Amino acid sequence: MKGQNKLFIAIIVGLVLGITAGGIVHLQYPESSVGFSKNIKLLGTIFIRLVQMIIAPLVFTTLVVGIAKMSDMKMIGRVGSKAMLWFITASLVSLLIGLLLVNWLEPGHVTKLPIQDAESAAEIVSNSKGFSLEDFVKHIIPKSVFEAFATNEVLQIVVFSVMFGVALANMGEEYTKPILKAFEICAHAILKMVGYIMWVAPLGVFGAIAAVVATNGFEIFKVYAIYLRDFFFALAILWAILCLVGYLILGNRLFELLRRIKEPLLIAFSTTSSEAVFPKLVEELERFGCNSRIVSFILPLGYSFNLDGSMMYMTFASIFIAQIYGI
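In short, a report on the structure.

## Comments concerning the environment of Gly66
Then, number 1: Considering the arrangement of structural elements, one finds Gly66 in helix α2 (residues 33–70).
Then, number 2: Sequence separation of Gly66 and Arg293 is 227 residues, and the distance between their C-alpha atoms is 6.3 Å.

What follows is the structure, encoded as structure tokens:
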């Protein structure tokens, strides 16, 4: 936890320094703001690309190990169908809450930002085409697993990983044991890399916020302060609903579960990385009494299909941008 607290402090320092540097450039050297923004933003690009680099192998290794460890096909089907039913329901609820509240609160209508390159947006709209059933199928089923890995098509990677894990589960243990052991080692190594990459986060935050402030000035914080206020309000409602459902299923044990996962939640909040808490979350769920095979199967699926907070954020961000542009 000491390391995570240091990282949290480093991110805050990067945020403050980014605001300061961007503000100085915007106020004192406005003629250089565009060039400064373009160059300093590369720090944020480096961090984002480092995170993107490990997404595909992380999803593949953890999901294959989780499915193959279950071995019983009936158990996989039963647990998988219940999980997908919950994922779809929770996802729809989170999207609906986000959609209703962002249209009710209208954070994007509070402040109008100067809109640049509006012609390019119109060109994108004019060149876009409808999303057909054929496109949907092609988006789900990979033409090549290497292409899916190269382009970070997570859903295609999940489809391949599920099929590969099921195939391993139907083979003899003498064949699968060394492969699963290798995949487990790879998964732990990748999760270790997550910890290293997160230490680049302060530089990424510094570059991203400095670029925004240098270009738009301090007025940008009024917009995002209102946006985050409204988003956290919606997130609190989602949490209340999820906790209510959890209480109906677990009863008073829900409070023990919340107590056990409070540390992973703090890590996720301070590092803004759900991947960084994966090992700790597995450990705490097993200590809570969850079957280790089910944990290894459900968590990777949940990371791929059911990040409800992220889904709500996408709803808010999309409609917020539309409101900013007056669409």
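## What about the packing of aromatic side chains?
Then, number 1: This model, assessed by the stated rule, comprises 14 aromatic pairs.
Then, number 2: Centre to centre, the rings of Phe60 and Phe160 are 6.0 Å apart; their planes meet at 25°, and the pair counts as stacked. Within this pair, whereas Phe60 is found in helix α2, its partner Phe160 is found in helix α7 (residues 154–169), the two being separated by 100 residues in sequence.
Then, number 3: Residue Phe60 is classed as buried on the basis of its relative accessible area of 13%.
Then, number 4: Aromatic ring contacts, followed pair by pair, group Tyr227, Phe231, Phe232, Tyr313, Phe316 and Phe320 into a single cluster.
Then, number 5: Cation over ring: Arg253 sits above Phe288, and NZ or CZ is 4.1 Å from the ring centre.

## A short note on the pattern of salt bridges
Then, number 1: Counted by the stated rule, this structure contains three salt bridges.
Then, number 2: For Arg229, the salt bridge is made with Asp230, and the minimal N-O distance between the two is 3.1 Å.
Then, number 3: Arg229 sits in the exposed class, given a relative accessible area of 55%.
Then, number 4: Arg260 is paired through a salt bridge with Glu256; the nearest N and O atoms lie 3.5 Å apart. Here the residue Arg260 and the residue Glu256 both occupy positions in helix α11 (residues 253–271), the gap between them amounting to four residues, near one helical turn.
Then, number 5: Residue classification places Glu256 among the partly exposed residues on the basis of a relative accessible area of 26%.
Then, number 6: Because the salt bridges share partners, they merge into one network encompassing Arg253, Glu256 and Arg260.

## A short note on helix α14 (residues 308–324)
The periodicity of an α-helix, 3.6 residues per turn, causes residues three or four places apart in sequence to face the same way.
Then, number 1: The terminal C-alpha atoms of α14 lie 24 Å apart, and with 17 residues this matches the ideal 24 Å at 1.5 Å per residue to within 8%.
Then, number 2: Of the residues making up α14, those classed as buried are Asp308, Met312, Thr315, Phe316, Ala317, Phe320, Ala322, Gln323 and Ile324.
Then, number 3: Phi turns positive, to about 70°, at Gly326, one or two residues after α14.

## Description of the packing of α2 against helix α9 (residues 201–216)
Then, number 1: Put simply, α2 and α9 touch, their axes get as near as 7 Å, and they point 155° apart. In terms of their interaxial angle, α2 and α9 are classed as roughly antiparallel. Here the hand of the crossing between α2 and α9 comes out left-handed. Touching Ser33, Phe36, Ser37, Ile40, Lys41, Leu43, Gly44 and Phe47 of α2 are Ala201, Leu203, Gly204, Phe206, Gly207, Ala210, Ala211, Ala214 and Thr215, all from α9.
Then, number 2: Grouping the amino acids of the contact of α2 with α9 by side-chain chemistry returns 10 nonpolar, six polar and one charged.

## Observations regarding the packing of α2 against helix α8 (residues 173–198)
Then, number 1: Close contact between α2 and α8 brings their axes to 9 Å; oriented N to C, the two are set at 150°. Our classification of the angle between α2 and α8 gives roughly antiparallel. Seen along the crossing, α2 lies across α8 with a hand that is left-handed.
Then, number 2: Residue composition of the contact of α2 with α8, grouped by class: 21 nonpolar, two polar and two charged.

What counts and how
- Residues numbered from 1 in each chain as written.
- Predicted model: local features only at pLDDT ≥ 70, side-chain atom pairs only at ≥ 80, totals over all residues.
- Heavy atoms only, no water.
- Helix = DSSP H or I, 4+ residues; strand = E, 2+ residues; numbered from the N terminus.
- Phe/Tyr/Trp six-rings, centres within 6.5 Å; stacked < 30°, edge-to-face > 60°.
- Buried < 20%, exposed > 50% of the residue type's maximum accessible area, 1.4 Å probe, protein only.
- Lys NZ or Arg CZ within 6 Å of the ring centre and 35° of its normal.
- Salt bridge = Lys/Arg side-chain N within 4 Å of Asp/Glu carboxyl O.
- Expected span 1.5 Å × (residues − 1).
- Axes fitted to C-alpha atoms, helices over the stretch in contact; angles between N-to-C directions.
- Parallel < 35°, antiparallel > 145°, perpendicular 65-115°, else oblique.
- Left-handed = near helix turned anticlockwise from the far one by under 90°.
- Contact = heavy atoms within 4.5 Å.
- Nonpolar A, V, L, I, M, F, W, Y, C, P; charged D, E, K, R; others polar.

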